[in-house]
Each structure stands twice: as C-alpha cells, then as structure tokens.
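# Understanding the architecture of this molecule
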Amino acid sequence: MKDKEKIWIFDTTLRDGEQSPGASLSTQEKVEIARQLEKLNVDIVEAGFPISSSVQFEAVQRIAGEVGITVAGLARAKEADIKSAYDALKDAKKARIHTFSSTSDIHILGKFGDERYGRTLEEKRQMVIKMTIDAVTYAKSLVDDVEFSAEDAGRTDIGYLSDVIEAAIGAGATTVNIPDTTGYTLPKEFGEKIAELKKRVPNINDAIISVHCHNDLGLAVANSLGALENGARQVECTINGIGERAGNASMEEIVMALKVRGDLVNYYTDINTHEIYNSSRMVSVYTGLIVQPNKAIVGDNAFAHESGIHQDGMLKNRQTYEVMTPESVGVPQTKIVLGRHSGRHGLKSRLVELGYKLSEEEIQAVYEKFSALADKKKEIYDEDLRMLMGDEMFKGFEKYTLEYLHVSSGSNSIPTSTVIIKTADRSIQESSTGDGPVDACFKAIERALNIKPSLNSYSVRSITSGRQAMGEALVRIAEGQKHFTGRGVSTDIIEASAKAYLQALCLKDEYMTNNQDLVTI
Ligand code: KIV
Ligand code: ZN
C-alpha cells in the first residue's frame, strides 16, 4: 500500500449541529465544546454563522480567541455576511471564511424566483455563478483560507455544478465543499459525482474537495466514505451525528471506520480517538440531545454483550464480537467515584480528565454544587459531574431562576405547587393545582410569568443507578418552527423538571430577542 493520505476533519457541531431541532447552546457551552474539539484534534471547527445573530457573532468571536485550530465562520454569498464572518474571526490564529450559494435548480428557482435574479433558469444560474465569484473574491481579499459550498450539490446537475466549482476555485477558494444538503443521494451515486468533478473541473487540483452529507436516508456516513474513495479529502461532520432534521454525518463513525478498516482504506485522520467518548457526552449534555443506546461507537450499548454465547466468546477473546475496544474511543472501563471527602483538587483533576477546562472561579462554583450533592448522595460518578457542568455552563442565560419550590401530592389529595421565580427585577410567587405534581408546578410557573408556551415534550430519566440517583428532566417547548430544550438536574425530579422548564423559557426568550430570521439567499 502507498503512504496513507490525510483526511481533514471539519467539525460543524457548533453550526449545523446546533441547528438540530431543540438544540440551543449558550456561548459558554460552545466555548467549552470548542476546547474539547481541539483536544479531539479536529482540523477545523465551524463555530457558527456570525451574521445570523449577536449571540452567534459573540460565540464565533470567543472561540476564535480561545483555540489554536482553524476556526470557520459561515456566510451567505453576500458582502455583509462575509464582512461579519471576518470581523468575528479577527482574533483567530487560523481563520477560514466559509461562504455558500445554492446550485440545484429547485433551490435556484425557489430562492431566486424574483425576476431581478434573471428571467430564465439559465439567467438565474449565471447570476449564481457571478455571486459565487464575487463572494469568494471578497472573502479572499480578507483571509487566505476560503471555503465555498454549493448548497444542494447532491441534486445539482453535474455540468452546471462543475462550472460553479471551477468558478469558485478560479476566484480563490482553497476548499470546495459538495454538500448533499437533503441527504438524497446513494453512496455509489455520490461517489461518482465526486469522481466526475475530478474529471470535469480543470483547476480541481488547486483546492481540497470536501463533502458534507446529511442523514435523511441514514446514508450520511456511507456517502462520505464513498466520496473519500473518489477523491474528497475533507469531511464535514458532527459529534453524535446531530444536525438539521435527521442530522449530519457522524464524526465518530467516519473516524473509526477509517481507523478500524485501515487494512482496506488508505487514509488516516489526526483525531485523538481516546477523546471521542468525552466529546460525545459533553455535546449530549449541553444540547439536551440524548444519544440513542444502540448508536455506533458512543451509545450505551455499543460495547455491551447481552447473550450468553456472546459473553462466553468475549471472555475467551474480545475480538470474537468486538471490532474495536471501548478504550480506543475513550469509554472508561473503571468507574471513578468521588464523594463527600474528595477535595477541590480531586474534583478539578477529574473534571480536566473529562475534558473540562475551568477557571479557579468556575472550579469554586462547581465545588459548591458538588459538596451540596455529596451531602445528599454518597457516591458521585462521572455522569453526575457532567450534569453539574451542564448546570454551570448555563450561567448568564438565567433570565428566570427557581428561588423556592413546594409541592404536595398524594393518592387522596389534589396536587398543589407553589413557586417563587426570580426575574431581573423581582421575585414572583404563585401557586397552582394540577393533574400531577409536575403539572401543578409547571402551571404555577406559567402563572408567575404570565405565559402559556406550547409544551412539545417532557421526559425524566435517572443519570446513575441507585435510589439517590440524580434525575435529569428535559422539557421541549415550541415557538413557531423553532424548538427549545431545557435541561434540569436534581436528586428531586420535580425540582429538575421546574429547572428544565425555566431553562427552556430562558432559551426561547434569548433567541427571540437576539436572532434575525434569515432567508438563506
Ligand atoms: O447542508 C448544507 O448544504 C450546509 C451548507 C451551508 C454547507 O449546511
Ligand atoms: Zn448542512
């Protein structure tokens, strides 16, 4: 075999991943995830879409100043977007502007329907090529590293796609991304598209070919691998495969497929696979998107062997039923337990091992929460610590906090709840009855804040085992097409539920105040 070729890993967890329904991240959470992605050794982190809101701008700016890897900011093919991405990326050690325009007929006719973009499809297509050239040329005048994406390339006619890509490279794009935006293609078809581009685009060797696959048919990883076989050298992906609709290609699956099947494929990535599990857990806790138990590589059951025959085989030789070890992706094999007698130092070093980087002030705040928890619960596991961190990182978003909660319920009484909610300028007390204790508590909160949001889903689960386990509540509310998931943890599940509800309300309010509704042209 020839020397292995490097595959660039472009992580878009903080941009496309954050576009998952319900997944809103605070700036502090994004910074923490970006630091973890740096530990994981991704090549490029796409930190957000700066022009879309002041919060997005600030997150990209903070991440740019925080990490040493390349930071990308997304921009439509418009001068104002590109300028905003550049401004947000100014402090980055390595900055990339990622600009995009739509190329499929269905997108062009839908987004550029107005006659000012041309009367016929052909005129509109030429206008998109001009927009692409202008956007890449402008981005290139600001930074050296420019990526261009042909949105919905998966459904774009190959002849026209070749013309757009040639124009983008001619204008200075150093990476050209071929997204299967709607997750429509099949692996063979998508692979052939990349091979065709290599044949048809005369200047294709002047740029890296990237792919960005969505998972609508469950084929995002297979399509990405098919593209690599045909000449792509950058893959865009997310931790746990989160993203718009059915998500994006999952980073851990791509990276481990290339590693485990190194006998068949001639590529490598620079990912530190031992950090995969920590990254997966951090993203899951902060986004509130639970990893399905049977998810490849990072699901709870990924290395569990249930049947007697399998267990017997495993005891004799692990390779009987395992193609990789849990250790290779950082799944811990021994449970580290902290408790009331663990000091600040012990807590800090475990948090660092779990991927968190904290200031002394943050350590002190987490330590106080840890001590309070250790008083209630003798043994504190990694999952408990991740939950405490989830709480800590939400700081700054807390427009409403729970100051007091009382609930009474029983088999022969009407469930009743009283809450005191602290807002910016006052504390409001309200009570309500309800169908159950959680319903009573939610109704009391709604009365206190004089709101009636549409509640999409509510769930509670236990984080660790045992009677004193922490409960995690997830509450999802909707405002139009947008969903917001709040998370609350406590050894008392009603308190966890109240906190989760308030967090969802804070996220919704923050979004409504700071985001513009962008049309994607
Ligand atoms: O799916 C897509 O086409 C995108 C682009 C902006 C790269 O996310
Ligand atoms: Zn996408």
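In this text the structure is predicted, and so the values were computed from the model without any measurement.

Consecutive residues of a regular strand have side chains that alternate between opposite faces of the sheet. Of the two faces of strand 9 (residues 234-237), the one lined by Gln-234 and Glu-236 and the one lined by Val-235 and Cys-237 are each fully buried. Here four bridges tie strand 2 (residues 8-11) to strand 9, and the two strands are oriented parallel to one another. Across the sheet, Ile-9 pairs through a bridge with Val-235, a residue of strand 9.

Taken in spatial order, the eight strands of this closed barrel run 2-3-4-5-6-7-8-9, and their pairing is parallel. With direction set aside, neighbouring strand axes in the sheet form an average angle of 25°. Bridge count between strand 4 (residues 70-76) and strand 5 (residues 94-102): seven bridges; the pairing is parallel. Looking at strand 5, one finds that Thr-70 is bridged to Lys-94. Against the sheet, helix 8 (residues 220-229) contacts strand 7 (175-180), strand 8 (208-213) and strand 9, and its axis sits at roughly 165° relative to strand 8.

Moving on, we come to the coordination of the zinc ion (ligand 2). Around the zinc ion (ligand 2), the protein supplies Asp-16 (OD), His-212 (NE2) and His-214 (NE2) as donor atoms, at distances of 2.0 to 2.1 Å. Taken in sequence order, the residues that donate to the zinc ion (ligand 2) follow the motif D-x195-H-x1-H. No difference in accessibility class separates His-212 from His-214, as the two residues are buried.

This part covers the sheet that holds strand 15 (residues 471-479). Read from one edge to the other, the open sheet built from three strands follows the order 14-15-16, with strand pairing classed as antiparallel. Every interior strand has two partners, whereas the edge strands, strand 14 (454-462) and strand 16 (482-490), have only one. Between one strand axis and the next, the sheet turns through 15° on average, direction left out of account. Summarising the sheet, strand 14 and strand 15 pair through eight bridges and their orientation is antiparallel. Residue pairing in the sheet places Ser-454 in a bridge with Ala-478 of strand 15. Against the sheet, helix 16 (residues 493-514) touches strand 14, strand 15 and strand 16, its axis set at about 145° to strand 16.

We now examine the environment of Arg-261. In this structure, Arg-261 sits in the loop between helix 9 (251-260) and strand 10 (267-268). In this structure, the C-alpha to C-alpha distance between Arg-261 and Glu-510, residues 249 residues apart in sequence, is 45 Å.

Criteria and cut-off values
Residues numbered from 1 in each chain as written. Chains lettered and ligands numbered in written order. Predicted model: local features only at pLDDT ≥ 70, side-chain atom pairs only at ≥ 80, totals over all residues. Heavy atoms only, no water. Buried < 20%, exposed > 50% of the residue type's maximum accessible area, 1.4 Å probe, protein only. Helix = DSSP H or I, 4+ residues; strand = E, 2+ residues; numbered from the N terminus. Pairing = 2+ DSSP bridges. Axes fitted to C-alpha atoms, helices over the stretch in contact; angles between N-to-C directions. Contact = heavy atoms within 4.5 Å. Donors = N, O, S within 2.8 Å, 3.2 Å for Na, K, Ca; no water.

Coordinates in, geometry out; function isn't part of it.
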